[in-house]
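Notes for the structure review
Chain residues, written in single-letter form:
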Amino acid sequence: MTKAQHEQTAETPSLSSVQTLRNYALLADGERGALVGPNGDIAWLCVPRWDDAAIFSSLIGGSGFYTVAPTGVRFVHGGQYEDGTLIWRSRWVTEQGVVECRQALALPADQDRAILLRRIYLLSGSVPVRVLLQGRPDFGAHTMLWSRTDDGMWTATGGGLSLRVRGLESATVEDGSLLQDFDPVPGAYYDVVVEIAKGKLPQVDLDASALWRATEHEWADCVPAMHGSIAPDDARQSWAILQGMTSSTGAMVAAATMSLPERAEAKRNYDYRYAWIRDQCFVGQAASAAGMVGLLDDAIRFTSERILTDGDRLKPAYTVLGGRVPDESSLDLPGYPGGSDLLGNWVNEQFQLDNFGECLLLMAEGARHDRLDVEHWRAVEQSVRAIEKRWQEPDAGIWELHNEKWTHSRLICVAGLRAIARHAPGPDAARWEGLADTILAATATTSVHPSGRWQRSPEDERVDAALLLAAIRGAVPPEDPRTVGDRRRHPRRTPGPGLRLPVPARQASPGRGGGRVPAVRFQHGAGRAPAEQRPGGLPPVRAEPGRVRLPGPVHRGVRRRTTATAGEPAASVRPRGHGRDLLSAGLHGRGVRDVTTQSPTASRPRRTISGSGAKTTDVSLSS
């Protein structure tokens, strides 16, 4: 890359400058979220709310950007969050020195107005920095016209939005962009404050230092210490992300973005800027397990309002204001590479029976913490009536597929009814337990495989990982033979080439090697070694740089050990932490797994496998 090409990449984002998703940092204030790239560009921001149109949309091939980065010099990038916050520090190391930009969405948040804070510091040497700002509302469909006030403040309007900038008094307008160069000096900082709102901006005089202090205070106030966790730093950061994605309405969006690919060209590119009822319930239950009632209250409030409004016609997802998710449509943009440009989500027409069971499980956690009021109990009764009315109907289920009588949906309703019955008055408790027994008996009649395990539906004999939740959530006892059969059967029947499991990034301890391991990809083999070749049923682990190889299919949550080649660590897959750990509770109700490495000299049972019958499973440790 030539120097001129590098300068263009660093200063003016283009279609070619889109980054791998893991290289973006999320700024969020509960009402909206921005993605900051390694070149200092804000590539995504919808205003005023999560599901509104984007003013910066280069992430999916639109236009509009806001860049703070070194100019005219080569650099390498890095960055980190400040502990327990979504305040991000971008750092650039150049041949002449080191410079940072501290950035955040200001707190407390305003539903109708976004405030972006950016503060530039020179840490060493001499590094010129350029600020470049171009707002393009409605995914780039509109331009904004700039004007300068007498006191050096810049304003712009267009596409129904207003924009105001403080801190760029010496800026010029070039090709529709606001541009100013800085020559920072050590010991000083340079603030740029950008306000964006729908309609007119309020006439207030904002002080950058006061905004930073308020933002720091809000994060310190809302993120707990998590001392009871085995990984308090990771738990605090997870909590900060959940807080940052939860609106003042109580709704937590599934993602800040839209149409990003789950896998390149796989056609699974959806708009997730909405609040899924099931996700609300999972987060609330996780917060309850961690003993933190703030997010539990938010989840109860939002789901209760939706149940009382829509009753047995509850939708799987809503906007953060409780509105209908729009139908899918195309923006006529290139999309993220390998993705698409779809706005809206087809889930708006689905019926998912298990949501009522999840809501009851959530309410049971609220009752356990004495957080339910009269309106919440009305929502409980409404949920029970919805289950009574619709449990025999086909539904789209947890995987949002075609309508069928999914076993998981019915078992989760059983679990929810049993959980809330423990907190209900006598007559209601007996009736709800009776309904749970009826549903369980009917499901057992139609959805148990001849081998004795649960199957996906009366018409689908396959196993499904979601069926394991029946015992985890309390629909049946953990030792129930139908669930035990699923657990034994599932690893041999996992469809598809791979399953990606989220693993919170954590720093490896000294002697464990490996560094940060944020994700694990399990590639399942086509077969297994004969039983006589698998002592104790546990395959060995062979570790290679950046890759762990497991003979046989992966058994999640089971420890595996083997003697490592000299200089290579042996790996383990183990359950993580205690029930009170927020991460253990799991954002999606599944046990989070932690992948670590063990010293070759560690004292552990060693197992080996011989013979040619073993198939290989790859576990790629991706950074």
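All values reported here derive from a predicted model rather than from experimental measurement.

Brief notes about the packing of aromatic side chains
- Evaluated as defined, the whole model comprises 8 aromatic pairs.
- Their ring planes at 40° and their centres at 6.4 Å tell us that Phe56 and Tyr66 sit as a pair that is tilted. With a gap of 10 residues between them, Phe56 in strand β4 (residues 54-56) and Tyr66 in strand β5 (residues 65-70) connect regions that are remote in the sequence. Here Phe56 and Tyr66 have matching classes, each one buried.
- Joined through ring pairs, the aromatic side chains of Tyr270, Tyr272 and Trp276 make up one cluster.
- Residue placement shows Arg119 over the ring face of Tyr189; its charged tip is 3.9 Å from the ring centre.
- The residue whose ring lies beneath Arg306 is Phe302, and the NZ or CZ to ring-centre distance is 5.3 Å.

Things to note about the confidence of the model for the chain
- With 75% of its residues at a pLDDT of 70 or more, the chain shows a mean pLDDT of 80.
- Across residues 1-16, where pLDDT falls below 50, the model places 26 contacts with residues more than four positions away in sequence or in other chains.
- For the stretch residues 492-623, pLDDT sits under 50, and the model shows 264 contacts to residues farther than four places along the chain or on other chains.

With respect to the sheet that holds β5
- Taken in spatial order, the 4 strands line up as β5-β10-β15-β14 in an open sheet, and their pairing is antiparallel. The sheet is open, and its two edges are formed by β5 and β14 (172-174), each paired on a single side. Mean inter-strand twist for the sheet, computed between neighbouring axes without regard to direction, equals 25°.
- Both β5 and strand β10 (residues 129-134) contribute to a ladder of 6 bridges, which runs antiparallel. Across the sheet, Thr67 pairs through a bridge with Leu132, a residue of β10.

Some points on the layout of surface pockets
- In this structure, the second largest pocket encloses a volume near 310 Å³.
- In terms of lining, the second largest pocket is formed by 16 residues, of which the most central are Asp29, Leu107, Glu218, Gln243 and Thr246.
- If you list the elements that add at least two residues to the lining of the second largest pocket, you get α3 (208-222) and α4 (232-244).
- Split by residue class, the lining of the second largest pocket holds 5 nonpolar, 7 polar and 4 charged.

Remarks on the pairing of strand β2 (residues 33-36)
- Burial of the side chains of β2 extends over both faces: Gly33 and Leu35 are buried on one face and Ala34 and Val36 on the other.
- Between strand β1 (residues 25-28) and the antiparallel strand that follows it, β2, lie 4 residues; Gly30 among them carries a positive phi value of about 100°.
- In this structure, β2 lies alongside strand β3 (residues 42-46), joined through 3 bridges in antiparallel fashion. When the sheet's bridge partners are listed, Ala34 is paired in β3 with Leu45.
- Counted along the chain from β2 to the antiparallel partner β3, the turn is 5 residues long, and its residue Gly40 has a positive phi close to 80°.

Rules and cut-offs
Residues numbered from 1 in each chain as written. Predicted model: local features only at pLDDT ≥ 70, side-chain atom pairs only at ≥ 80, totals over all residues. Heavy atoms only, no water. Phe/Tyr/Trp six-rings, centres within 6.5 Å; stacked < 30°, edge-to-face > 60°. Helix = DSSP H or I, 4+ residues; strand = E, 2+ residues; numbered from the N terminus. Buried < 20%, exposed > 50% of the residue type's maximum accessible area, 1.4 Å probe, protein only. Lys NZ or Arg CZ within 6 Å of the ring centre and 35° of its normal. pLDDT = per-residue confidence, 0-100. Contact = heavy atoms within 4.5 Å. Pairing = 2+ DSSP bridges. Axes fitted to C-alpha atoms, helices over the stretch in contact; angles between N-to-C directions. 1 Å grid on protein atoms, 1.4 Å probe; cavity = no way out; pocket = protein on both sides within 12 Å on 5 of 7 lines; lining within 4 Å. Points joined across faces, edges and corners; volume = space filled by probe spheres on them. Nonpolar A, V, L, I, M, F, W, Y, C, P; charged D, E, K, R; others polar.

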